[in-house]
Amino acid sequence: MRVHVADHPLITHKLTVLRDKNTSSPTFRSLTEELVTLLAYEATRDVRVEPVNVQTPVATAEGLAISDPRPLVVPILRAGLGMLEGMVKLIPTAEVGFLGMVRNEETLQPDIYAERLPDDLSNRQCFVLDPMLATGGSLIAAINYLFERGAVDVTAICLIASPEGLAAVERATDGRNVHIVLGALDDRLNEVGYIVPGLGDAGDRLYGTV
Ligand code: PRP
Ligand code: URA
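A few points on the structure.

Rules of the game
- Residues numbered from 1 in each chain as written.
- Chains lettered and ligands numbered in written order.
- Predicted model: local features only at pLDDT ≥ 70, side-chain atom pairs only at ≥ 80, totals over all residues.
- Heavy atoms only, no water.
- Helix = DSSP H or I, 4+ residues; strand = E, 2+ residues; numbered from the N terminus.
- Rg over C-alpha atoms; globule rule 2.2 N^0.38 Å.
- Buried < 20%, exposed > 50% of the residue type's maximum accessible area, 1.4 Å probe, protein only.
- Contact = heavy atoms within 4.5 Å.
- Areas by Shrake-Rupley, 256 points an atom, 1.4 Å probe, with all protein chains shown as cover.
- Lys, Arg positive; Asp, Glu negative; His and termini not counted.
- Charge placed at Lys NZ, Arg CZ, Asp CG, Glu CD.
- Patch = residues over 30% accessible without salt bridge, like charges linked within 9 Å, V, L, I, M, F, W, Y side chains within 5 Å.
- Salt bridge = Lys/Arg side-chain N within 4 Å of Asp/Glu carboxyl O.
- Near = heavy atom within 4 Å.
- Nonpolar A, V, L, I, M, F, W, Y, C, P; charged D, E, K, R; others polar.
- Core = buried A, V, L, I, M, F, W, Y, C linked by side-chain atoms within 4.5 Å.

1. Concerning the overall build of the protein chain
Helix and strand counts for the protein chain come out as six helices and 13 strands. Taking 2.2 N^0.38 as the reference for a compact globule, 210 residues should give roughly 17 Å; the C-alpha atoms of the protein chain span a radius of gyration of 17 Å, in line with that estimate. The principal-axis extents of the C-alpha atoms in the protein chain amount to approximately 60 × 35 × 30 Å. Taken over 210 residues, the protein chain has a buried fraction of 46%. The long-range fraction of contacts in the protein chain, counting pairs at least 24 apart against all pairs at least 6 apart in sequence, stands at 70%. Split by element, the accessible area of the protein chain, about 10,600 Å² in all, is 52% carbon and sulfur. Looking at charge distribution, the protein chain has the averaged site of its 18 positive side-chain charges lying 3 Å from that of its 28 negative ones.

2. Digging into a nonpolar patch on the surface
A cluster of nonpolar side chains, Val3, Val5 and Leu185, forms an exposed patch at the surface whose accessible area comes to about 200 Å². With respect to the helices, strands and loops of the structure, Val5 is situated in strand 1 (residues 2-5). Looking at Val5, the relative accessible area reads 34%, which means it is partly exposed.

3. Describing the site of ligand 2
The full set of residues close to ligand 2 is Arg103, Met132, Ala134, Gly193, Tyr194, Ile195, Gly200, Asp201 and Ala202. Protein coverage of the free-state accessible area of ligand 2, which is 240 Å², stands at 89%. Here the residues of the shell around ligand 2 sort into five nonpolar, two polar and two charged.

4. As for the environment of Pro75
Structurally, Pro75 can be placed in strand 4 (residues 72-77). Linking Pro75 and Ala161, residues 86 residues apart in sequence, is a C-alpha distance of 16 Å. Pro75 has contacts with Gly80, Leu81, Leu84, Val96, Gly97, Phe98, Leu99 and Leu129, leaving out every residue within four places of it along the chain.

5. Some thoughts on the nonpolar core
Judged by nonpolar contacts, the single largest core of 33 residues is most densely connected at Leu15, Leu18, Met87, Ile157 and Leu159. Of all the elements in the fold, those that place two or more residues in this core are helix 1 (9-19), helix 2 (25-43), helix 3 (84-90), strand 8 (125-129), strand 10 (153-161), strand 11 (178-185) and helix 6 (202-207). If one sorts the elements of this core by residue count, helix 2 sits on top with seven residues. The next biggest cluster of nonpolar side chains, apart from the first, holds 28 residues, and it includes Val74, Ala142, Ile180 and Leu182.

Note that all results are geometric; they support no functional claim without further evidence.
Written out as C-alpha cells, the structure reads:
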C-alpha cells in the first residue's frame, strides 16, 4: 500500500479552517471541494493515459489522453458526496458510482446500505472519496467491495486519517494495489472512534445532524 500525506501550506491552511468548530456548513462545503481538487492532483499522478497527436494551428503536437475504461470515482455516502464536485472538476470525463455506508456508532462496524456501481469493474482504476479514515472499517469494506467487482487498483482520497485506521487498511489490503492520499495524518482515535484532533463528524458538518 502506498500512502501520500500532503505537505503543502495551502492544504494545511484550508484544513485548519475546516477543523475549526466555528466554521459554518457553507464554508465547510466549499473548503472540502477545494481540498479535494488539490489532493486529487496527487491522487491522479498514475491515471492511465495514452499518447495522442493533436493539430495545433502550427504543427502536430504529441500529447496524452485519458485511457478507456475511464476512471471511476466512488464517493462514500454521505460525507464523501461533499468531495465529488472537487474531484470531477479535475477529471470531468470520469464516471461516478455510489456506495452508501454508515458506521454503527456503538460497534463501529460499517454497513453498506446503498450501491450504484457498474457491474463489472475489471481493469478499472477506482478513486474512492471519504473525508474521514477513522477505524478504517468503512474504507476497508469499500475497497474489498470494489476488488470483488473486479477493480484492479484503488486510490482513496481522505481529508484526515488516524494512524490506527491507516494501519488497519494496510493490514486488510496487503499485496493489493492500493494508494491512500491524505490531507493530514492526525494523532489518534479516541475511545468512541473519533479522530483526534480531527474535525468532528464530517457528515454532520457538511449536511447537518441526522
Ligand atoms: C463517517 C465517515 C466515514 C466513516 C469513517 O461516516 O464519512 O465514512 O465515518 O469511520 P471508520 O473509518 O471508523 O469506518 P458515517 O458512518 O458517520 O456516515 P455519514 O457519512 O453518513 O455521516
Ligand atoms: N467519522 C467522522 O465523521 N469523524 C470522525 O472523527 C470519525 C468518524
